[in-house]
Amino acid sequence: AGMEGSGDASWTVADWRLAVWTLFSVLLPVLITAWCSFQRSRRQLRIRDIFRKSEHDWRYTDLFGQPSYCCVCAQHILRGAFCDCCGLRVCESCLKKADQLFLCKEIMMRSTAGVPSSMPHHWIRGNVPLCSCCMVCKQQCGTQPKLCDYRCVWCQYTVHDECMVDSLRTEDCTFGEFKDLIIPPYYLSAINQMRKEKRTSYEKVVPYCRMPVMVLANTRSGNNMGEILLGEFKMLLNPVQVFDLSKIAPAKALQLCTWLPCNAVRVLVCGGDGTVGWVLDAIDEMKIKGQEQYIPQVAVLPLGTGNDLSNTLGWGAGYAGEVSVEQILRNVMEADGIKLDRWKVQVTNKGYYSLRKPKVFTMNNYFSVGPDALMALNFHAHREKTPSLFSSRIINKAVYFFYGTKDCLVQECKDLNKKVELELDGERIELPNLEGIIVLNIGYWGGGCRLWEGMGDEPYPLARHDDGLLEVVGVHGSFHCAQIQVKLANPVRLGQAHTVRLILKSSKMPMQVDGEPWAQGPCTVTITHKTHALMLYHSGEQTDDDDASSLSE
């Protein structure tokens, strides 16, 4: 009996040991994970605090895109922080020290002795661009696997360590290839001084700022390309010229034009056609404020889904990083100024809803009622529910294709000709059997289709975007739209007009203006000319059959 009792006791101790070790083996990874998470949170808070207080435009990355070296300790680094404006790269442990040691690009020069008219180079050591050449010996820079050579953050010139002499450190910066596009800090200092003295004639400082460009980027357009482009443009230009439209409205950003020479500013809008319309509306507000002499010319870098306006203006159907930022700036410099018609679309409700104030839209591209508006409405509703799914141009087009295929089977917009009346310049048009009517201001529609031309095998009047005329076409349905897009069918050309009036007599129909859709009850839609916008046409980006019919001629 005694032996049995001691056996039970020893078994109980073993059980306890097993339980303790099991608990320890389970808790240890949990405690280590919790400690690491706590330390990571502390580290992120510390980094965020430095970012918030710093004059640098720091961003953190887990992996640099090219071999990089810390500007403080000179060690090779895979991850760390970099400044979007001046290009500094540092490891996490040297971040605070780098923030204290190195100055970022100056937006405006701080000078106590009068107004400066020049500035020296601003050299940063190490991490020079690949394939850059020394401005002294013309040999390649950055070839050694260490922190070496210098780059000026303004003119982008590079110099070898051994070629760097004291005269280069004090030499005036020429601002390099893009000197005409960059707003020099000393120019802004001069204008600021003149404003304080209540002088408005900027003629004396105009030679320092010949063709300034402003970049307005919508970071919500495209495959997150807006974020990348913002950093690259800040590196090449004065950061004051580059605006994130998710943080500042175009109307506020465009007030910078009033600091710049009259009729000289060019604006590059990075975004979809909706972003371009937003900026053009802000420019119209400048006209109302009496700032017509500061109105800029507008170029487009297409980041949206359709990009029909940018395609019409020669800037292409979509940007995915295939062209360097330097080449984009060269294209903006070389682009020709043209005019774009802008139209007023007034929707007046009928019946019970007629007491409501009419809806008023501004149209740059097209207005439509029918299957393409229905596709846009379904797409818009789906995107509102799950916006995170719609960050890719390919996914967006796939969703459009799905809803187009669905409408081919359901035909929700059939017998449109029995529900509407159409007047072109006051003359009523007899409509054939249709499902949709599209009113065009530009050559492209539906993500790259030249709708008015169709197959190009029939004689038709030339379509332009600056002649004060609208092209009106009809379609038989979603399948007919698809046929037109692949040049297997022609649209039903209903005519050209200066004024279009469409009366929806009964039922609810989908409508859209420039991709903004809604469901509309009985109403009268009147489209009249509103104003012209000053745009920039790039002749180097021809697409599809532009050689058959160029809108710029």
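Residues numbered from 1 in each chain as written. Predicted model: local features only at pLDDT ≥ 70, side-chain atom pairs only at ≥ 80, totals over all residues. Heavy atoms only, no water.

## Examining the layout of surface pockets
Okay, step 1: Of the volumes computed, that of the second largest pocket is approximately 1,200 Å³.
Okay, step 2: What lines the second largest pocket is a set of 42 residues, and nearest its centre among them are Q66, P129, E232, M235 and E326.
Okay, step 3: Here the lining of the second largest pocket gets seven residues from one element, more than from any other, and that element is helix α5 (residues 225-236).
Okay, step 4: Classifying every residue of the lining of the second largest pocket by side-chain character gives 22 nonpolar, 12 polar and eight charged.
Okay, step 5: Structurally, the lining of the second largest pocket is a two-domain feature, drawing no fewer than three residues from each of domain 1 (53-108) and domain 2 (185-334). (1 Å grid on protein atoms, 1.4 Å probe; cavity = no way out; pocket = protein on both sides within 12 Å on 5 of 7 lines; lining within 4 Å. Points joined across faces, edges and corners; volume = space filled by probe spheres on them. Helix = DSSP H or I, 4+ residues; strand = E, 2+ residues; numbered from the N terminus. Nonpolar A, V, L, I, M, F, W, Y, C, P; charged D, E, K, R; others polar. Domains from an automatic or database assignment.)

## Some remarks on the sheet that holds strand β5 (residues 89-90)
Paired through backbone hydrogen bonds, the strands of a sheet run either parallel or antiparallel to each other.
Okay, step 1: Spatial ordering of the open sheet is given by β1-β4-β5, a layout of three strands whose pairing is antiparallel. Looking at strand neighbours, the two that pair on one side only are β1 (58-61) and β5, the edges of this open sheet.
Okay, step 2: Relative to β5, strand β4 (residues 80-83) is paired through two bridges, and the arrangement is antiparallel. Within β5, the position partnered with F82 by the bridge is R89. (Pairing = 2+ DSSP bridges.)

## Side note on the pairing of strand β24 (residues 523-537)
Okay, step 1: The pairing of strand β13 (residues 336-349) with β24 spans 14 bridges and is classified as antiparallel. Looking at the pairing, D341 lines up with H532 of β24.
Okay, step 2: Relative to β24, strand β21 (residues 500-504) runs antiparallel, the two being bridged by five bridges. Paired with I503 across the strands is T524, a residue of β24.

## Things to note about the environment of H465
Okay, step 1: By the element assignment, H465 lies in the loop between β18 (436-440) and β19 (470-475).
Okay, step 2: Spatially, the C-alpha atoms of H465 and N441 are 5.7 Å apart, while their sequence positions differ by 24 residues.

## Notes on the pattern of salt bridges
Okay, step 1: Going through the model one piece at a time under the given rule, you end up with 16 salt bridges.
Okay, step 2: Residues K287 and D284 are paired through a salt bridge, measuring 3.6 Å at the closest nitrogen-oxygen approach. Taken together, the positions of K287 and D284, both in helix α7 (residues 273-288) and three residues apart, correspond to about one turn of that helix.
Okay, step 3: With a relative accessible area of 24%, K287 lands in the partly exposed category.
Okay, step 4: Residue classification places D284 among the buried residues on the basis of a relative accessible area of 10%.
Okay, step 5: Across the salt bridge formed by R464 and D466, the nearest N and O atoms sit 3.0 Å from each other.
Okay, step 6: Relative accessible area serves as the criterion here: at 26%, D466 is assigned to the partly exposed category.
Okay, step 7: One connected set of salt bridges, linked through shared partners, spans D281, D284, K287, R342 and K530. (Salt bridge = Lys/Arg side-chain N within 4 Å of Asp/Glu carboxyl O. Buried < 20%, exposed > 50% of the residue type's maximum accessible area, 1.4 Å probe, protein only.)

## A look at the nonpolar core
Okay, step 1: With 99 residues, the main nonpolar core has M214, F233, L237, L254, L268 and M535 as its most contacted residues.
Okay, step 2: The biggest single contributor to this core is α7, with six residues.
Okay, step 3: Residue assignment places this core across two domains, with domain 1 (53-108) and domain 2 (185-334) each supplying three or more.
Okay, step 4: Those residues in contact with F233 that lie beyond four places of it in its chain are V215, V242, L268, C270, V325, I328 and L329.
Okay, step 5: Core analysis: the second largest hydrophobic core is formed by 32 residues, C413, V420, L434 and I437 among them. (Core = buried A, V, L, I, M, F, W, Y, C linked by side-chain atoms within 4.5 Å. Contact = heavy atoms within 4.5 Å.)

## Let's talk about unusual backbone geometry
Okay, step 1: For K487, which is not a glycine, the phi torsion comes out positive at approximately 60 degrees.
Okay, step 2: Positive phi outside glycine occurs at S507, with the angle close to 65 degrees.
Okay, step 3: The exposure class of S507 is partly exposed, given its relative accessible area of 36%.

## A look at the environment of G176
Okay, step 1: Along the chain, G176 falls in the loop between α3 (166-170) and α4 (185-196).
Okay, step 2: On the basis of relative accessible area, G176 is assigned to the buried category, the value being 5%.
Okay, step 3: Residues G176 and W154, spaced 22 residues apart in sequence, show a C-alpha to C-alpha distance of 7.5 Å.
Okay, step 4: In this structure, G176 is in contact with C155 and Y157, ignoring residues within four places of it in sequence.

## Quick look at the UniProt feature "transmembrane region" (unreviewed entry) in the protein chain
Okay, step 1: As recorded in UniProt, the feature "transmembrane region" (unreviewed entry) lies at residues 18-38.
Okay, step 2: Between the C-alpha atoms that bound residues 18-38 there is a distance of 30 Å. The span itself is 100% helix and 0% strand. (UniProt positions renumbered as here; feature names shortened; annotations may be inferred.)

## Quick word on the packing of aromatic side chains
Okay, step 1: With the rule as written, the count across this model stands at six aromatic pairs.
Okay, step 2: Consider the rings of W21 and F24, whose centres lie 5.9 Å apart with planes at 90 degrees: the pair is edge-to-face. Linking W21 with F24, this pair stays in helix α1 (residues 2-53), spanning three residues, or about one helical turn.
Okay, step 3: Residue classification places F24 among the partly exposed residues on the basis of a relative accessible area of 45%.
Okay, step 4: Chaining the aromatic ring pairs together yields one cluster made of W154, F175 and Y186.
Okay, step 5: Directly above the aromatic system of Y444 lies the positively charged group of R450, at a separation of 4.9 Å from the ring centroid. (Phe/Tyr/Trp six-rings, centres within 6.5 Å; stacked < 30°, edge-to-face > 60°. Lys NZ or Arg CZ within 6 Å of the ring centre and 35° of its normal.)

## Considering the packing of α5 against helix α9 (residues 325-334)
Packed helix pairs are characterised by how far apart their axes lie and by the angle those axes make with each other.
Okay, step 1: Relative to each other, α5 and α9 sit at 70 degrees, their axes nearing to 10 Å. One finds that α5 runs roughly perpendicular with respect to α9. Contact with α5, carried on its side by L229, E232, F233 and L236, involves V325, E326, I328 and L329 of α9 and no other residues of that element.
Okay, step 2: Here the residues of the contact of α5 with α9 are counted per class, giving six nonpolar, no polar and two charged. (Axes fitted to C-alpha atoms, helices over the stretch in contact; angles between N-to-C directions. Parallel < 35°, antiparallel > 145°, perpendicular 65-115°, else oblique.)

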